[in-house]
Every structure is written in structure tokens, then in C-alpha cells.
Amino acid sequence: MGAPLLELRDVTVTFPGRGWFGRRAAPVQAVRGASLTVAPGETVGLVGESGCGKSTLGRATVRLVTPQSGQVLFDGRDITRLPQSALRPLRPKFQMVFQDPYSSLNPSLPIVDSVGEPLRVHTRLPARQRADQVVSALELVGLAARHLYRYPAEFSGGQRQRLALARALVLDPRLVVCDEVTSALDVSTQNQILTLLDQLRRERGVSFLFVSHNLLAVRHIAARVAVMYLGRIIEEGPTERVFTAPAHPYTRALLAAIPGEHRRRDAGGRPSAPAGELPSPVNPPAGCPFHTRCPPVMDRCRTELPPPTRVDGGGAVACHLQTAGPTLAGRPLPAQ
């Protein structure tokens, strides 16, 4: 597929802890050594439980947060430590659409100003030409020129998400990070948004990093998927391989949570949810991050971080079961 448009290399993001009454608190390790690529014109899904760090990784991708270590390369250029003055000319090429369509738009501004704000910031176009480009962006997402001077309160949740997407697309970006863009929408509207994103990928060559906990949506739209747990990417590969032949116990547990009989067959056996609670990112466990909840845990899982292992069918998994124990050697997990 050629050189990746986006490449994340061992990205780590840590936030300062919030203590009470002036006391210092331990930092929150939101992302820990995550690596990921997105090719031109490709959609990659990023999935995991709430609190696993996937939204933070999405924000680090577009430099809304700055990683403490690692690299974010966009089109071969390292943007990790670029000052804002050097980053600003690049921002039109990577945009982000946020989760809540109701807070994404300024309620006091008409759509022509909200959607046209990126044009005002990044171009010197006169107001009339900005309005023309806003109309083009609205038409791209299935809206029309008659919506230009309406206000956000006049639109439904699905329409507002289309407006947020139009604002991201008005600068003709090459990459769009979608952070849970369908989570606040009903099922029929979700399908409309997913179809729209795939149409934009096919017709305009836009790449998407699709961050979601909705596994069915990810399976519908993404060519590849990365599974994140406690700040680390523990499995990645072609979507069909990951869904039909998961190589990590956590991936299988996620698939087991999908409603419907088909997922029992795809996940390779009887559903089994992970035991226990998600560990705190303030004090993550040593070794494999999933070992505190993993049914087939081994002694080395508690002390050694598993290296990535290539998987039959494409992708990689970080799990000691692939190199010890049953010696799966890149094969899917056996049925339970």
C-alpha cells in the first residue's frame, strides 16, 4: 500500500495527577507505547473499553495533546514536537470530529460561520467565497445551501454530526480522526453516517482513524482494526481476521459482548467476559496489562511485557500465549 499517511511510533501520553488540598498525585498513564499506521485512503478502527486511552491517542494524532515520548509522523514528517507556528500550516490536512454533536457547534453562530470557521482561520478567502465553500461541504455530507443561516438548535443530532463532519472536510483534509462519532445517534442515523464516511473514503481518498467502542460499526467501515487495553495496543490486523480469528483473550472477550448468535461463532466459542475490574491507569500492572483479568494467565504474564508476534492472516498480537503455554505461534485462540 506504499508509505503510510499516518504513523504512530511508541506514543506515550501522561497527564498530571489531580491531588486534593495541594497534595501531589501520581500521573495518569493514558497511552503507553502505542504504535499504529493509517495508509492513504484507508479506514482504521481503534477499539477498546471506556478509559483505555483510545480518545487520547486520537487527540495525540492531531496534536491536540502532545506526547511525552514517541513520534507522530504525518506524510513522513514528524509533527510530535513542532511548535504551533510550524504546525499551523499543516493543520488543514488533518482534522478531528468529536463525539458529542450537541456541543461541537457554537449555538450562537449560524452554520455559515460555524462550518466556515476553519476557512476564516486558515485562508484569506473573502466572505462570499467562504460561504460558497461551506455550501460545497454541506452538499458533500447530504445537506444544502438552505441550511446556511440556520442555527444548531434547528438540527437533529444526526444532522449536527453531519455539520461537524462538513466543518472537518471544508479544508479538504487527507486524514480525519472520528472520535465516537456515532455513539450519540440512533441506529438508522449511525448507518447513514457510516455510509457517508465510506463514500468519502472511496470518492475523495480521505483516510479515517475511526475511534469507537461500537464493534459492529468498526466491522462495517474499517479495513483494519487495532484493539487497545489500558493504554497499549494489544492486537491489530485486518478487520475480518481480528473478528473471526482473534489472537488475544481480551479481543475475544470484546467480541463476546456483541449481541447476536453470529458473534459466538465468529469469536471462536462460548462467550466469556473478562473477570475483575479494569486496573487504574495511575498504577497499571506490571507485565501484560491484561493479566489481572485473563483466564489463561501464566506466571510470566505477571512480570514480562509480551512482544508483538505476527499472526496468520495478517497483523500482530502482544500475548505470551503466542510464544509460550500452548505455543499458538500466530494462530487464533482455541475455542473455549
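The following refers to the structure shown. (Residues numbered from 1 in each chain as written. Predicted model: local features only at pLDDT ≥ 70, side-chain atom pairs only at ≥ 80, totals over all residues. Heavy atoms only, no water.)

### Observations concerning the nonpolar core
The test is simple: Here, the term nonpolar core denotes a set of buried Ala, Val, Leu, Ile, Met, Phe, Trp, Tyr and Cys residues that are joined through side-chain atoms within 4.5 Å. Burial status follows relative accessibility: with a 1.4 Å probe on protein chains alone, a residue under 20% of its type maximum counts as buried, one over 50% as exposed, and anything between as partly exposed. Two residues qualify as a contact provided that any one of their heavy atoms is within 4.5 Å of a heavy atom in the partner residue.
With 62 residues, the main nonpolar core has L138, L163, L165, L197 and F210 as its most contacted residues. The residues contacting L165, other than those within four sequence positions of it, are V97, V141, L196, L197 and L200. L6, V72, I79 and M96 belong to the second-largest nonpolar core, a separate cluster that totals 32 residues.

### A closer look at the sheet that holds strand β10 (residues 232-238)
To keep things clear, this is the line we draw: When DSSP finds at least two bridges between two strands, those strands are taken to pair. Under the DSSP-based scheme used, a helix requires at least four consecutive residues in state H or I and a strand at least two consecutive residues in state E, with every element numbered from the N terminus. Axis angles are defined between N-to-C directions and span 0 to 180 degrees, where every axis is a line fitted to C-alpha atoms and, for a helix, only to the segment in contact.
Taken together, eight strands build an open sheet; the order of strands is β6-β7-β8-β3-β9-β10-β12-β11 and the sheet is mixed. At either end of the open sheet lies a strand with only one pairing partner, and these are β6 (94-97) and β11 (308-310). Geometrically, the sheet is characterised by an average inter-axis angle of 20° between neighbouring strands, direction not taken into account. In this structure, β10 lies alongside strand β12 (residues 316-318), joined through two bridges in antiparallel fashion. Bridge pairing in β12 links E235 to V317. Along the sheet face, helix α1 (residues 54-61) touches β3 (43-47), β6, β7 (175-179), β8 (207-211), β9 (224-229) and β10 and points at about 155° away from the line of β7. Running at roughly 170° to β6, helix α5 (residues 157-169) makes contact with β6 and β7 of the sheet.

### Considering the sheet that holds strand β4 (residues 69-74)
Spatial ordering of the open sheet is given by β2-β1-β4-β5, a layout of four strands whose pairing is antiparallel. Edge positions in the open sheet fall to β2 (28-38) and β5 (77-78), since each of these has one partner strand only. When strand β1 (residues 6-15) meets β4, the two strands line up antiparallel, connected through five bridges. Residue pairing in the sheet places L8 in a bridge with V72 of β4. Seen against the sheet, α1 touches β1, β2 and β4 and runs at an angle of roughly 120° to β1.

### Quick notes on the packing of helix α3 (residues 111-122) against α5
Heads up, the condition is: Side-chain classes follow a simple rule in which Ala, Val, Leu, Ile, Met, Phe, Trp, Tyr, Cys and Pro form the nonpolar group, Asp, Glu, Lys and Arg form the charged group, and the remainder, Gly included, forms the polar group.
Two elements in contact, α3 and α5, have axes separated by 7 Å at closest approach and are oriented at 40°. Contact residues: I111, S114, V115 and P118 in α3; L163, A166 and R167 in α5. Residue composition of the contact of α3 with α5, by class: five nonpolar, one polar and one charged.

### Structural notes on the packing of α5 against helix α6 (residues 187-204)
Short version of the rule: Geometric relationships in this document are graded by angle, where less than 35 degrees denotes roughly parallel, more than 145 denotes roughly antiparallel, 65 to 115 denotes roughly perpendicular, and other angles denote oblique. Handedness of each helix crossing follows the sense of rotation of the near helix against the far helix: counterclockwise by less than a right angle gives left-handed, clockwise gives right-handed.
As a packed pair, α5 and α6 sit with axes 10 Å apart at the nearest point and diverge in direction by 20°. Put simply, α5 runs roughly parallel to α6. Once α5 is placed against α6, the crossing between them reads as right-handed. The residues of α6 that touch α5, namely those facing G158, Q161, R162, L165 and L169, are T189, Q192, I193, L196, L197 and L200. Of the residues contributing to the contact of α5 with α6, the split by class is six nonpolar, four polar and one charged.

### Quick word on the environment of L175
Position of L175 relative to the elements: it lies in strand β7. The spacing of L175 and F74 is 101 residues in sequence and 9.2 Å in space, taken between C-alpha atoms. Contacts of L175, omitting those with residues within four sequence positions, involve L5, L6, V38, T61, F74, K93, F94, Q95, S207, F208 and L209.

### Things to note about the pattern of salt bridges
The condition is simple: Salt bridges are defined by distance alone: a side-chain nitrogen of Lys or Arg within 4 Å of a carboxyl oxygen of Asp or Glu.
As enumerated under the stated definition, the model contains 15 salt bridges in all. Here R224 and E236 are joined by a salt bridge, their closest N and O atoms 3.6 Å apart. Taken as a pair, R224 in strand β9 and E236 in strand β10 lie far apart in primary sequence, 12 residues in all. Classification of R224 as buried rests on a relative accessible area of 18%. The network of salt bridges with common partners includes E42, R224 and E236.

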